[in-house]
Amino acid sequence: MAYIEFNNVKKIYKTGDVEVHALDGADFSIELLNILGGMDTLTSGTVVLDGQTISSLKEKELAEYRRSDVGFVFQFYNLIPNLTAIENVEMASQLVSDPMDPEEVLSDVGLSDRKKNFPAQLSGGEQQRVAIARAVAKNPKLLLCDEPTGALDYQTGKSILRLLAQMCIERHMTVVIITHNSTLAAMANRVIRIKNGRIVSCDVNPDPISIEDLEW
């Protein structure tokens, strides 16, 4: 059984009389983070993660799933502005029973010397690294990243990708990156392309390239 399965998943958003088919009968997809992350319900179909049908969970069960199994890295960080870097990470670690050490995780992302700074005192790249540390501190099974390099400059973006790869390899997390930057596909182990809510292709990449060799 695959770790993540989408079975004929449809998600339709309605605005007045207009319907937008975000997913239109996807048989395997990780494109829509709100669904995979348990933040949104399906119009139809099923989603299975690690043998658990999350699309049929009740709201209380979904809350537990989001808290325990999933780490989110948002494009625009979503840090709490009146908490320091270490406090942002500590807040996430307090949600679960088996967290990683916040100090250690911040060290892993190279921010030990910035842990007492507030988000407004950090650069965009530093804020994104705090966001990654916050997500990783929960020790989740699944790390969902929504355009994690979209708001960053080229070099900072590469450093963030390097960190995500490290989390995958060293901490054995399933890392999902959602992006419109097709160049990043070359570094992935599996590449799923979606157009108009339908799967265009789903391929295993036999020879992912080094992040250092990525150019965009």
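Refer to the structure above for everything that follows.
Residues numbered from 1 in each chain as written. Predicted model: local features only at pLDDT ≥ 70, side-chain atom pairs only at ≥ 80, totals over all residues. Heavy atoms only, no water.

Can you help me understand unusual backbone geometry in this one?
With the exception of glycine, most residues fall at negative phi, and the peptide bonds are largely trans. The residue Asn78 is not glycine, and still its phi comes out positive at about 55°. Of note, Asn78 is situated in the loop between β5 (70-73) and α3 (85-93). In this structure, Glu147 takes a positive phi of about 45° despite not being glycine. Tracing the backbone through its elements, the reader meets Glu147 in the loop between β6 (142-146) and α6 (154-171). For Glu147, a relative accessible area of 12% gives the class buried. (Helix = DSSP H or I, 4+ residues; strand = E, 2+ residues; numbered from the N terminus. Buried < 20%, exposed > 50% of the residue type's maximum accessible area, 1.4 Å probe, protein only.)

Even after reading the chapter, I still don't get the pairing of strand β7 (residues 174-178), so can you show me in this structure?
Each regular strand carries side chains that alternate between the two faces of the sheet. Bridge analysis of β6 against β7 gives five bridges, and the strand direction is parallel. Within the sheet, the bridge partner assigned to Leu143 lies in β7 and is Val175. For the handedness criterion, the β-α-β arrangement of β6, α6 and β7 is classed as right-handed. (Pairing = 2+ DSSP bridges. Right-handed = clockwise from strand over helix to strand, strands pointing away.)

Just checking my understanding: could you explain the packing of aromatic side chains for this structure?
Each aromatic ring pair is characterised by the separation of its centres together with the angle its planes make. Applying the stated criterion across every chain yields a total of two aromatic pairs. For the ring pair Phe72 and Phe74, a centre distance of 5.9 Å and an interplane angle of 10° mean the geometry is stacked. Taking 4.9 Å as the distance between ring centres and 65° as the angle between the ring planes, the aromatic pair formed by Tyr154 and Trp216 counts as edge-to-face. One end of the pair, Tyr154, is in helix α6; the other, Trp216, is in the segment after β9 (198-204), and 62 residues separate them in sequence. The class of Tyr154 is partly exposed, set by a relative accessible area of 25%. (Phe/Tyr/Trp six-rings, centres within 6.5 Å; stacked < 30°, edge-to-face > 60°.)

Just checking my understanding: could you explain the sheet that holds β7 for this structure?
Sheets are built from strands that pair by backbone hydrogen bonding, the pairs being arranged parallel or antiparallel. Spatial ordering of the open sheet is given by β5-β6-β7, a layout of three strands whose pairing is parallel. Whereas interior strands pair on both sides, the edge strands pair on one side only; in this sheet they are β5 and β7. The mean angle between the axes of side-by-side strands here comes to 15°, regardless of whether they run parallel or antiparallel. Pairing between β5 and β6: four bridges, direction parallel. Looking across to β6, one finds that Val70 is bridged to Leu142. Along the sheet, helix α2 (residues 59-69) makes contact with β5 and β6, crossing β5 at roughly 70°. Where helix α5 (residues 124-137) meets the sheet, its contacts fall on β5 and β6, and the angle it forms with β5 comes to roughly 175°. (Axes fitted to C-alpha atoms, helices over the stretch in contact; angles between N-to-C directions. Contact = heavy atoms within 4.5 Å.)

How should the pattern of salt bridges be read in this particular structure?
Side chains that differ in charge, positive against negative, can pair when their charged atoms come close. Per the counting criterion, the structure on display carries eight salt bridges. Among the salt bridges present, the one from Arg67 reaches Glu64, with a minimum N-O distance of 2.0 Å. A residue pair is termed a helical-turn pair when its members lie 3 or 4 positions apart in one helix, as Arg67 and Glu64 do in helix α2 at three residues. Glu64 gets classed as partly exposed once you look at its relative accessible area, which sits at 35%. Ionic pairing is found between Glu103 and Lys115, a salt bridge with its closest N-O pair at 2.9 Å. Of this pair, Glu103 sits in helix α4 (residues 102-108) while Lys115 sits in the loop between α4 and α5, and the two are twelve residues apart along the sequence. Of the residues examined, Glu103 reaches a relative accessible area of 39% and is grouped as partly exposed. We classify Lys115 as partly exposed; its relative accessible area is 23%. Because the salt bridges share partners, they merge into one network encompassing Glu104, Asp108 and Arg171. (Salt bridge = Lys/Arg side-chain N within 4 Å of Asp/Glu carboxyl O.)

Explain the nonpolar core here, please?
Most often, soluble globular proteins have nonpolar side chains that are buried together. In terms of nonpolar packing, the biggest core is built from 27 residues, with Leu106, Val130, Val136 and Leu143 touching the most fellow members. Residue assignment for this core shows that the elements contributing at least two residues are α3, α4, α5, β6 and α6. Sorting elements by how many residues they give to this core places α5 first, with seven residues. With near-sequence residues (within four places) excluded, Val130 lies in contact with Leu79, Ala85, Asn88, Val89, Leu106, Leu111 and Leu122. Judged by nonpolar contacts, the second largest core, of 16 residues, contains Val9, Val47, Phe72 and Val176. (Core = buried A, V, L, I, M, F, W, Y, C linked by side-chain atoms within 4.5 Å.)

As far as function goes, none of this settles anything; it's purely spatial.
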